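Here is what each chain is made of, one letter per residue.
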Amino acid sequence: MTLDDARYIRQEVMAHNKWFEECIPMIASENLMSPLAKEMLISDFADRYAEGLPGKRYYQGNIFVDRVEEKATEMAKKLFKSDFADLRPISGTVANMAVLFAFAEPGDTITTCALAQGAHISTCEFGAFGQRAVRSVNYPFSVEDMNLDVDGTIKLLKKEKPKIAQFGLSVFLFPPPVKELKPTFDEIGCLVWEDCAHVLGLIAGGQFQKPFDDGIQIVSASTHKTFPGPNHGIILASNITEEQEKKIQKAVFPGVTSSHHLHAMAALAISLAEMDVFAKDYASQACKNARALGQSLHELGVPVLCPDLGFTRSHAIAVDVSQFGGGKECAQLLEDANIICNKNMLPSDTSAVRPSGLRFGAQEMTRIGMKEDDMKDVASFIARVVRKEDPKKVKEDVKAFKKNFTGIKYCFNEGEPAYGYHKLVE
Ligand SMILES: Cc1ncc(COP(=O)(O)O)c(C=O)c1O
């Protein structure tokens with residue numbers, strides 16, 4: 001291999017950056033980090049190791065790493081109003097694995113949602129749940145409400161007496177009815193865990209749900225979906241014992257991580273500080289934008305799930321495009337028009353490869369300053385594409401529209417070019 005191979009890689013990355021400047025980003029699990037947070041990713045932290053907890057590291061050289069981690073842990077506890085935080089899981093899936101290692105033995109029963117109901121693969125038999133060999137039992141689900149059937153869930157919990165009741169979805173439109181289920185959790189004495197990967201940024205801003213007030217004890221999450229931080233993970237907990245907190249720490253290290261990507265941890269710390277200031281406005285605007293997008297698509301005759309419930313209470317909406325050729329075809333056509341989203345299973349689907357739905361998230365559009373009115377334009381681009389207007393034609397309109405949204409919002413460097421700091425030196 002030669003320098004040309006390296007050049008090729010850089011050029012492809014630069015081409016990607018340029019392309020995304022001209023796209024409408026609608027993947028519900030992505031976001032833009034702030035310039036300050038992103039800077040941490042190229043700090044010397046990126047080249048170092050830290051194993052264990054601050055003050056008890058296996059390696060030397062962690063004086064400043066320890067200070068950052070201690071401060072970040074306190075910031076996370078304050079922002080999420082939790083008793084405990086562990087910032088070392090390197091992704092949401094790794095956070096889920098740590099919770100499983102800490103609290104479940106092979107053969108234990110965990111109640112959870114099914115993939116077609118919007119669950120993430122890590123809670124499926126072929127994901128982390130299967131790897132831990134737990135017995136997972138799915139909740140009854142109300143397709144109309146895109147949420148758990150409360151009476152059925154109470155019956156299921158009483159029958160199965162799970163060791164852990166687990167919640168959280170990747171198509172997370174409405175908060176789970178945890179408050180209503182709390183008396184049943186208390187009766188059977190199970191641990192209550194929610195995967196808040198998708199809604200962590202909303203929770204930071206006081207939207208969607210207050211998990212620990214509702215009765216959740218453990219929250220696992222990614223820190224790069226609605227929470228606009230680095231690709232990383234986090235575990236938060238309240239109302240558990242010190243012994244249980246130690247179990248989480250041991251499961252994270254040495255259970256499922258060695259070093260914990262210190263540059264990402266520092267970037268997460270910056271994002272926590274920023275969200276303490278900006279999350280309220282950002283999260284409420286992201287939810288308003290998602291509802292406005294749902295309303296506009298609905299008015300344009302593109303079926304959005306849960307119209308009677310206002311489409312969503314989160315950043316995301318689910319759209320049924322079966323009459324337009326299905327999720328796979330529509331997602332590809334939208335990409336051809338520079339609208340980036342993903343195909344998604346809807347509750348009646350059996351195939352994850354050819355599902356009938358699309359999932360759209362409003363959080364990244366919010367981050368670059370779009371408001372409810374802009375959702376009308378976005379919905380009209382989507383409707384034109386799914387109705388088979390030439391995507392190349394729509395793409396030109398998308399590129400022109402995107403030129404109005406160049407600055408990043410809801411962070412300390414508000415107004416700086418949203419994509420500018422992604423540029424590499426030519
Ligand atoms: C609910 C949920 N949990 C966990 C994950 C995995 O997160 P990560 O990609 O950080 O491992 C996802 C990813 O989209 C998700 O939707």
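Just so you know, the residues in each chain are numbered from 1, in the order the chain's sequence is written. Restriction of local features to residues with pLDDT of at least 70 applies here, the model being predicted, together with a cutoff of 80 or more for giving and counting side-chain atom pairs; totals for whole chains, interfaces and linings are based on all residues. Side-chain metrics in this entry use all non-hydrogen atoms of the structure; hydrogen atoms and water are not considered.

### Focus: the site of the ligand
Okay, so step 1: We call a residue near a molecule or strand as soon as one heavy atom of that residue lies within 4 Å of the molecule or strand. Around the ligand, a shell composed of Ser91, Gly92, Thr93, His120, Leu169, Ser170, Asp195, Ala197, His198, Ser222, His224 and Lys225 is seen.
Okay, so step 2: Pairs of N or O atoms are called polar contacts if they sit within 3.5 Å, as long as, within protein, a hydrogen donor faces a hydrogen acceptor (for residues adjacent in sequence, only side-chain-to-side-chain pairs). Contact distances for the ligand include 2.5 Å between a nitrogen atom and a side-chain N or O atom of Asp195.
Okay, so step 3: Here an oxygen atom of the ligand and a side-chain polar atom of His198 are 3.2 Å apart.
Okay, so step 4: In these tables, accessible area is a Shrake-Rupley quantity obtained with a 1.4 Å probe, and a residue counts as shielded only by the protein chains included in the view. In isolation the ligand offers 390 Å² of accessible surface; the protein chains occlude 85% of this area.
Okay, so step 5: Charged residues are taken to be Asp, Glu, Lys and Arg, nonpolar residues to be Ala, Val, Leu, Ile, Met, Phe, Trp, Tyr, Cys and Pro, and polar residues to be all remaining types, Gly included. Of the residues in the shell around the ligand, the class split is two nonpolar, eight polar and two charged.

### Some thoughts on the pairing of strand β11 (residues 316–320)
Okay, so step 1: Burial classes follow relative accessibility: with a 1.4 Å probe on protein chains only, a residue under 20% of its type's maximum area counts as buried, one over 50% as exposed, and anything between as partly exposed. Helix and strand assignments follow DSSP, with helices taken as H or I runs no shorter than four residues and strands as E runs no shorter than two, numbered in order from the N terminus. Of all five residues that make up β11, four are buried, and the element is covered over most of its length.
Okay, so step 2: Two strands qualify as a pair provided DSSP detects at least 2 bridges between them. Pairing geometry for β11 and strand β14 (residues 357–361), over five bridges, is antiparallel. By the bridge assignment for β14, Ala316 is matched with Gly361.

### Quick look at the packing of aromatic side chains
Okay, so step 1: Pairing of aromatic rings covers Phe, Tyr and Trp, the last counted by its six-membered ring, and requires centre-to-centre distances within 6.5 Å; plane angles under 30 degrees mean stacked, over 60 mean edge-to-face, and any other angle means tilted. Applying the stated criterion to the full structure yields twelve aromatic pairs.
Okay, so step 2: Ring geometry for Tyr139 and Phe167: centres 5.1 Å apart, planes at 5°, overall stacked. Here Tyr139 is found in the loop between β4 (135–138) and β5 (141–142), whereas its partner Phe167 is found in strand β7 (residues 164–167), with 28 residues between them in sequence. Neither residue differs from the other here; Tyr139 and Phe167 are each classed as buried.
Okay, so step 3: One aromatic cluster is present, formed by Tyr49, Tyr58 and Tyr59 through successive ring pairs.
Okay, so step 4: In our convention, an over-ring charge means Lys NZ or Arg CZ found within 6 Å of a ring centre and within 35 degrees of that ring's normal. One Lys or Arg, Arg132, reaches over the ring of Phe101 and ends 4.5 Å from the middle of that ring.

### Quick word on the packing of helix α3 (residues 63–80) against helix α11 (residues 262–299)
Okay, so step 1: Contact geometry of α3 with α11 gives a least axis separation of 9 Å together with a crossing angle of 40°. The element α3 and its partner α11 pack so that their crossing is left-handed. Residues Val65, Val68, Glu69, Ala72, Met75, Ala76, Lys78, Leu79 and Phe80 of α3 lie in contact with α11, whose contacting residues are Leu262, Met265, Ala266, Ala269, Leu272, Ala273, Met275 and Asp276.
Okay, so step 2: Partitioned by chemical class, the residues of the contact of α3 with α11 number 14 nonpolar, no polar and three charged. Here an angle of 0 to 180 degrees is reported between the N-to-C directions of two axes, which are lines fitted to C-alpha atoms, with helices fitted over the stretch in contact. Crossing chirality is assigned from the near helix's rotation relative to the far helix, an anticlockwise turn below a right angle marking it left-handed and a clockwise turn marking it right-handed. Working rule for contacts: check all heavy atoms of both residues, and any pair within 4.5 Å makes them a contact.

### A short note on helix α10 (residues 242–256)
Okay, so step 1: In a regular helix each residue adds 1.5 Å, so 15 residues correspond to 21 Å; α10 covers 20 Å between its end C-alpha atoms and thus fits that length.
Okay, so step 2: If you check which residues of α10 are buried, you get Glu245, Ile248, Ala251, Val252 and Val256.
Okay, so step 3: Contacts made by the buried residues of α10 are with β2 (84–86), α4 (92–103), β9 (218–222) and β10 (233–237). To estimate how far a helix should extend, the number of its residues minus one is multiplied by 1.5 Å.

### Considering the domain arrangement of the chain
Okay, so step 1: Domain start and stop positions are those given by an automatic or database domain assignment. For the chain, the domain assignment lists domain 1 (37–272) and domain 2 (279–422).
Okay, so step 2: Centre-to-centre separation of domain 1 and domain 2, based on C-alpha positions: 27 Å.
Okay, so step 3: Taken together, the contacts link 25 residues of domain 1 with 28 residues of domain 2.
Okay, so step 4: Taken together, the two surfaces of domain 1 and domain 2 that pack against each other cover about 2,100 Å², and 70% of this comes from carbon and sulfur.
Okay, so step 5: By definition, the buried area sums, over both parts, the 1.4 Å-probe accessible area that each loses when the two are put together. On the domain 1 side of the contact with domain 2, Ala116, Leu173 and Phe174 bury the most area, a combined 25% of that side's loss.
Okay, so step 6: Should a side-chain nitrogen of Lys or Arg be within 4 Å of a carboxyl oxygen of Asp or Glu, the pair is scored as a salt bridge. For the interface between domain 1 and domain 2, the tally reads zero salt bridges.
Okay, so step 7: Counting across the domain 1 and domain 2 interface gives nine residue pairs in polar contact (both at pLDDT 80 or more).
Okay, so step 8: No other element matches helix α8 (residues 200–204), which puts three residues into the side of domain 1 that touches domain 2.

### A look at the environment of Phe45
Okay, so step 1: Residue position: Phe45 is located in the loop between α2 (35–40) and α3.
Okay, so step 2: With relative accessibility at 16%, the residue Phe45 sits in the buried group.
Okay, so step 3: In this structure, the C-alpha to C-alpha distance between Phe45 and Asn62, residues 17 residues apart in sequence, is 9.5 Å.
Okay, so step 4: Those residues within four positions of Phe45 in sequence are excluded, and the remaining contacts are Phe64, Val65, Val68, Leu262, His263 and Ala266.

### Here we look at the pairing of strand β3 (residues 109–112)
Okay, so step 1: Judged by which residues are buried, β3 turns out to be covered on both faces: Thr109 and Thr111 on one side and Ile110 and Thr112 on the other are all buried.
Okay, so step 2: Of the pairings in the sheet, the one linking β3 to β4 comprises four bridges and is parallel in character. Among the inter-strand pairings, Ile110 is bridged to a residue of β4, identified as Ser136.
Okay, so step 3: By the bridge criterion, two bridges tie β3 to β7 in an arrangement that is parallel. Bridge pairing in β7 places Ile110 opposite Ile164.

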